[in-house]
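Architecture and fold: a report
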Amino acid sequence: MAKQDPKEKGFNNPFARLEALRDTLPSTRPQLRREDFPETPPPGGPERVVVRLETDRAGQEVTVVEGLSLPAAGLQEWLQALQRGLACTGAVEGERLVLREDQRFKLPDLLLRRGVQRVVHG
């Protein structure tokens with residue numbers, strides 16, 4: 001019996017269907033899109049934002065962004081842009097953004113490029 005090529009797609013290859021889904025997975029590399037992070041920040045952004053490191057209930061480090069003063073839809077938009085720019089996951093909790101891992105050193109630059117006037121570590 002002849003050996004089948006492992007890259008050949010077909011009935012006997014259990015990974016053939018998974019390979020088609022590879023492009024839908026989130027990237028592990030930061031994506032700095034111009035529409036998310038323009039070179040010249042837009043005017044009228046939040047005046048002051050506080051960035052701090054906390055631990056969640058599971059004991060994992062999270063970076064918290066407070067003080068954006070945006071509606072829920074605006075917070076979700078900012079969260080998605082920051083997730084792409086930092087290649088991490090996060091969530092909106094009330095009026096603050098919670099990003100996984102310690103992002104304190106990469107985050108201020110991205111916030112300033114989105115129009116934040118001043119970033120404070122707290």
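The text that follows walks through the structure, step by step, so that each part is easy to find. (Residues numbered from 1 in each chain as written. Predicted model: local features only at pLDDT ≥ 70, side-chain atom pairs only at ≥ 80, totals over all residues. Heavy atoms only, no water.)

Opposite charge on two side chains allows them to pair when their charged atoms are near. All chains considered together, the criterion is met by ten salt bridges. Residue Glu66 is joined to Arg96 by a salt bridge in which the shortest nitrogen-to-oxygen separation is 3.3 Å. With Glu66 in strand 2 (residues 61–66) and Arg96 in strand 4 (residues 96–100), the pair connects residues that are 30 residues apart, well separated along the chain. On the basis of relative accessibility, which here comes to 22%, the residue Glu66 falls in the partly exposed class. With a relative accessible area of 21%, Arg96 lands in the partly exposed category. Sharing partners across several salt bridges, the network here consists of Arg52, Glu54, Glu66, Glu93 and Arg96. (Salt bridge = Lys/Arg side-chain N within 4 Å of Asp/Glu carboxyl O. Helix = DSSP H or I, 4+ residues; strand = E, 2+ residues; numbered from the N terminus. Buried < 20%, exposed > 50% of the residue type's maximum accessible area, 1.4 Å probe, protein only.)

In the structure shown here, the tally under the stated rule is zero aromatic pairs. Across from the ring centre of Trp78, 4.6 Å away, lies the NZ or CZ of Arg114, which sits over that ring. (Phe/Tyr/Trp six-rings, centres within 6.5 Å; stacked < 30°, edge-to-face > 60°. Lys NZ or Arg CZ within 6 Å of the ring centre and 35° of its normal.)

Where nonpolar side chains cluster on the molecular surface, the patch consists of Phe15, Leu18 and Leu21 and spans about 330 Å² of accessible area. Among the secondary structure elements, Phe15 is positioned in the segment before helix 1 (16–21). For Phe15, a relative accessible area of 56% gives the class exposed. (Patch = residues over 30% accessible without salt bridge, like charges linked within 9 Å, V, L, I, M, F, W, Y side chains within 5 Å. Areas by Shrake-Rupley, 256 points an atom, 1.4 Å probe, with all protein chains shown as cover.)

Here helix 2 (residues 72–86) is 15 residues long and its end C-alpha atoms lie 21 Å apart, about the 21 Å a rise of 1.5 Å per residue gives. For helix 2, the set of buried residues is Gly74, Leu75, Trp78, Leu79, Ala81, Leu82, Gly85 and Leu86. Buried positions along helix 2 lie against strand 3 (90–93), strand 4 and helix 3 (107–113). Two residues or fewer after helix 2 comes Ala87, characterised by a positive phi angle close to 55 degrees. (Expected span 1.5 Å × (residues − 1). Contact = heavy atoms within 4.5 Å.)

For the rest of this paragraph, the subject is the environment of Arg113. For Arg113, the location among the structural elements is in helix 3. Considering only alpha carbons, one finds Arg113 and Thr40, 73 residues apart in sequence, at a separation of 6.8 Å. Among residues more than four places away in sequence, those in contact with Arg113 are Leu32, Phe37, Pro38, Glu39, Pro41 and Pro42. In terms of polar contacts, Arg113 uses its side chain to reach the side chain of Glu39, at 3.5 Å. (Polar contact = N/O pair within 3.5 Å; in protein donor to acceptor, adjacent residues only side chain to side chain.)

Right, let's talk about the side chain of Arg114 for a bit. Within the secondary structure layout, Arg114 lies in the loop between helix 3 and strand 5 (118–121). A polar side-chain atom of Arg114 sits 2.8 Å from the main-chain carbonyl oxygen of Asp36. Once residues within four sequence positions are removed from consideration, Arg114 is found in contact with Asp36, Phe37, Pro42, Glu77, Trp78 and Ala81.

With that settled, the discussion passes to the pairing of strand 1 (residues 48–55). Successive residues of a regular strand alternate their side chains across the two faces of the sheet. Pairing of strand 1 with strand 5 involves four bridges; the strand directions are parallel. Considered in strand 5, the bridge of Val51 is made with His121. Relative to strand 2, strand 1 runs antiparallel, the two sharing six bridges. Each residue of the ladder has a partner; that of Leu53, found in strand 2, is Thr63. Hairpin connection from strand 1 to strand 2: five residues lie between these consecutive antiparallel strands, with Gly59 at a positive phi of about 85 degrees. (Pairing = 2+ DSSP bridges.)

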